[in-house]
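Analysis of the macromolecular model
Next come the chains, spelled out residue by residue.
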Amino acid sequence: MNDLAARGGATAQDAYRVLVVDDDPDMAGYLAHLLQREGLTVEMASDGESALVRVMTAPPDLLLLDVMMPGLSGFDVCRQLKGDESTALIPIVLVTALEDSESRVRGIEAGADDFLSKPVKREELVARVKTLRRLHETRKELESRRLAAEVQRKEAVRRAFSRYISPRLADRIADAGESGDPFQGRAQRTSLVALFADLRGFTRLTEKTEVGAVVAMLNDYFTVLTEAAYQHDGTIFNMAGDSLLVGFNVPFPQADAAERAWRTALEMVARFDPLAAEWKARHGLELGVGIGVCGGEAIIGNVGSSHYASYTIIGDPVNTAARLMQLAAGGEVLLCGPLYERVRHLIPAEQVKERGDVTLRGKSEPIPVFAVRAGAGARA
């Protein structure tokens, strides 16, 4: 077996395939015969149009393309294939009787990888094919490595960011490349919606339950809450003790951030209810999740020291949401006035209780607060 066919022990499935395109059947047959003697798989096309169809249907590893053909010329076919991303890497050898430099320039401009002059000599043909095959295999190997590295990079990005954001947003960052990392930017002031959720009855849980069981229950609790947040593309900013901070409209803009936060709050309660029922049956504990939500301008950025830092949100809406969370009963969502006005069309009036103006710790002026019992009937 000759060295063209012997690379890697080629089989019928992975044999190097050459498409010979020539309107002269004698010339096409002659080129095919020479290549087949080298152990290559050869197909033939008699014009440019049928060549394009064959390439798009089953891309070959190499094209031997006659220049002077009726209809589409070899220059035309070469230009189309090299202009298409899916076929641009297929090596093309223009076979021509034209010897003038202008024709060679046209071929180069069309994207041809090499030229063969008629009459074609066997030694020259074999040498050209061997060289282009090596180049083609090197290209494919490099492209394969590049794609594998890209897949690994994206998977690493997804794993890193999926701890904080929904899989959809993690995919968005991974697809955007390194320049798309929203967590590396400078601190900025932006409009956002903050949601704080907290487990009611946590102190009794820690006092009456074995340590290992407490950790397992907290893991289940945070799992259902983060799944609810991810369902509406919320970003997890902090998880401490039994409290969870979720932000909306950060790090990516969300025109419907208020609605997303409200639906997340409902989803959190709905997902937690079955878990609470299971815990009551098993441990005899009455537990619930209390939620506070508020919107406004806040600062977002990496905060900490040279030893430890975290990407977080700081400001009045975050503090207000935290204070509302502390006031909320189990299964209750407390909304600051401006945030309630943005989502009131989603909430049945009979489920809303106006708390009036409430003075929250750390605030000099009272703010309007609205309470919603987030039962199944409250879901939008």
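Notes on the structure in this doc start here. The structure displayed is predicted, hence computed values, not measured ones. (Residues numbered from 1 in each chain as written. Predicted model: local features only at pLDDT ≥ 70, side-chain atom pairs only at ≥ 80, totals over all residues. Heavy atoms only, no water.)

This brings us to helix 8 (residues 211-231). With 21 residues, helix 8 extends 30 Å from end C-alpha to end C-alpha; this agrees with the ideal 30 Å at 1.5 Å per step. Taken together, the buried positions of helix 8 are V214, M217, L218, Y221, F222, V224, L225, T226, A228, A229 and Y230. Phi turns positive one or two residues past the end of helix 8, at D233, with a value near 60 degrees. (Helix = DSSP H or I, 4+ residues; strand = E, 2+ residues; numbered from the N terminus. Expected span 1.5 Å × (residues − 1). Buried < 20%, exposed > 50% of the residue type's maximum accessible area, 1.4 Å probe, protein only.)

A word on the state of the cysteines. Using the criterion set out here, one finds one disulfide in the structure. Covalently, C294 is tied to C336 through a disulfide, its sulfur atoms 2.4 Å apart. Torsion about the S-S bond of the C294 and C336 cystine: about 95 degrees, corresponding to right-handed handedness. On the criterion of sequence distance, the pair formed by C294 in strand 9 (residues 288-304) and C336 in strand 11 (residues 332-336) is long-range, its members being 42 residues apart. C336 carries the same exposure label as C294, and that label is buried. (Disulfide = S-S within 2.5 Å.)

Further remarks concern the packing of helix 2 (residues 48-57) against helix 3 (residues 74-82). For the pair helix 2 and helix 3, the least separation of the axes is 10 Å and the interaxial angle reads 25 degrees. With respect to their mutual orientation, helix 2 and helix 3 come out roughly parallel. In this structure, helix 2 meets helix 3 at a crossing whose hand is right-handed. Residues G48, L52, V55 and M56 of helix 2 form the contact with helix 3, whose participating residues are V77, Q80 and L81. Of the residues that constitute the contact of helix 2 with helix 3, the class distribution is five nonpolar, two polar and no charged. (Axes fitted to C-alpha atoms, helices over the stretch in contact; angles between N-to-C directions. Parallel < 35°, antiparallel > 145°, perpendicular 65-115°, else oblique. Left-handed = near helix turned anticlockwise from the far one by under 90°. Contact = heavy atoms within 4.5 Å. Nonpolar A, V, L, I, M, F, W, Y, C, P; charged D, E, K, R; others polar.)

To continue, consider the pairing of strand 5 (residues 114-117). Residues D114 and L116 point to one face of strand 5 and F115 and S117 to the other, with burial holding for every one of them. Relative to strand 5, strand 4 (residues 92-96) runs parallel, the two being bridged by four bridges. Residue T96 lies in a different strand from strand 5, and its bridge partner there is S117. (Pairing = 2+ DSSP bridges.)

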